[in-house]
Amino acid sequence: GQSLEQPSEVTAVEGAIVQINCTYQTSGFYGLSWYQQHDGGAPTFLSYNALDGLEETGRFSSFLSRSDSYGYLLLQELQMKDSASYFCAVRDPRGYQKVTFGTGTKLQVIP
Amino acid sequence: GAGVSQSPSNKVTEKGKDVELRCDPISGHTALYWYRQSLGQGLEFLIYFQGNSAPDKSGLPSDRFSAERTGGSVSTLTIQRTQQEDSAVYLCASSQVGQPQHFGDGTRLSIL
């Protein structure tokens, strides 16, 4: 089976940098994705790592270390609108399209 | 439409009634997913479809829950004899194979 762990809450100051960690235990591995969800809204895709290293998309970057079964999402130059929940997710390695989501991290950006 | 469409957006019903939730995926997306999200919680996988087939139904909470997809497009999630613990937001997502999921806005289900 698949399980992913994230911190439940993180608070950071506007303009700062914050890192949201995700550790996973899976029977195989097929890439780590990150999604953002604002309160009352739908999750939206942010980033995907299939291989080790850093992927950068504007203010957001995502990192993966497969040997450590660990990844993180890095948000730079935080803005108030970044306050949301962030989920990591892995895809079933059996070739099915099932996606398992982490427990989610609620980020609060404060002035 | 341009995105995943779910209906109704809100549904309030009495305990014991049946409800049907609808998802209209993005055109051309072969994979379709149903999730359940309780207030402040993560996404609980229910079922996914590849085309009209459901290779993995392991997430359905009980035999009161069922889902179907026809024509490789629209899907319906049916909950029979609803219970109060069924109250949640039901999210649908679609994707092309191996690509990121696109979510609908969800159906907020409240069981009185």
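What counts and how
- Residues numbered from 1 in each chain as written.
- Chains lettered and ligands numbered in written order.
- Predicted model: local features only at pLDDT ≥ 70, side-chain atom pairs only at ≥ 80, totals over all residues.
- Heavy atoms only, no water.
- Helix = DSSP H or I, 4+ residues; strand = E, 2+ residues; numbered from the N terminus.
- Rg over C-alpha atoms; globule rule 2.2 N^0.38 Å.
- Buried < 20%, exposed > 50% of the residue type's maximum accessible area, 1.4 Å probe, protein only.
- Areas by Shrake-Rupley, 256 points an atom, 1.4 Å probe, with all protein chains shown as cover.
- Pairing = 2+ DSSP bridges.
- Axes fitted to C-alpha atoms, helices over the stretch in contact; angles between N-to-C directions.
- Contact = heavy atoms within 4.5 Å.
- Salt bridge = Lys/Arg side-chain N within 4 Å of Asp/Glu carboxyl O.
- Polar contact = N/O pair within 3.5 Å; in protein donor to acceptor, adjacent residues only side chain to side chain.
- Nonpolar A, V, L, I, M, F, W, Y, C, P; charged D, E, K, R; others polar.

Caption draft 1: Expanded view of the overall build of chain A. Summing up its helical and strand segments, chain A has 0 helices and 11 strands in all. Traced from its N-terminal end to its C-terminal end, chain A shows the element sequence β-β-β-β-β-β-β-β-β-β-β. Its C-alpha radius of gyration of 13 Å places chain A within 12% of the 13 Å reference for a compact globule of 111 residues. In terms of principal-axis extent, the alpha carbons of chain A reach across some 45 × 30 × 20 Å. Out of the 111 residues in chain A, the part that is buried amounts to 48%. Accessible area of chain A: about 5,300 Å², with a carbon and sulfur share of 48%.

Caption draft 2: Fine view of the sheet that holds strand 6 (residues 53-57) of chain A. Residue and element names in this part refer to chain A. As summarised here, the arrangement of the 5 strands in space is 1-3-8-7-6, forming an open sheet in which the pairing is antiparallel. Both edges of this open sheet fall to strand 1 (3-5) and strand 6, since each of them pairs with a single strand only. Ignoring which end each strand starts from, the neighbouring axes of this sheet average 20 degrees apart. Summarising the sheet, strand 1 and strand 3 (residues 18-25) pair through 3 bridges and their orientation is antiparallel. The residue of strand 3 that forms the bridge with E5 is T23.

Caption draft 3: Layout of the interface of chain A and chain B. In this assembly, 15 residues from chain A lie in contact with 23 residues from chain B. Counting every contact that joins chain A to chain B gives 0 salt bridges. The interface formed by chain A and chain B holds 3 residue pairs in polar contact (both at pLDDT 80 or more) in total. Listing elements by their share of the side of chain A that touches chain B, those giving two or more residues are strand 4 (32-37), strand 9 (84-91) and strand 10 (99-101) of chain A. Partitioning the side of chain A that touches chain B into residue classes produces 8 nonpolar, 4 polar and 3 charged.

Caption draft 4: Quick look at the side chain of S65 of chain A. Residue and element names in this part refer to chain A. Considering the arrangement of structural elements, one finds S65 in strand 7 (residues 60-65). Within polar-contact distance, the side chain of S65 engages the side chain of D68 at 3.0 Å. The residues contacting S65, other than those within four sequence positions of it, are Y24, D52 and Y70.

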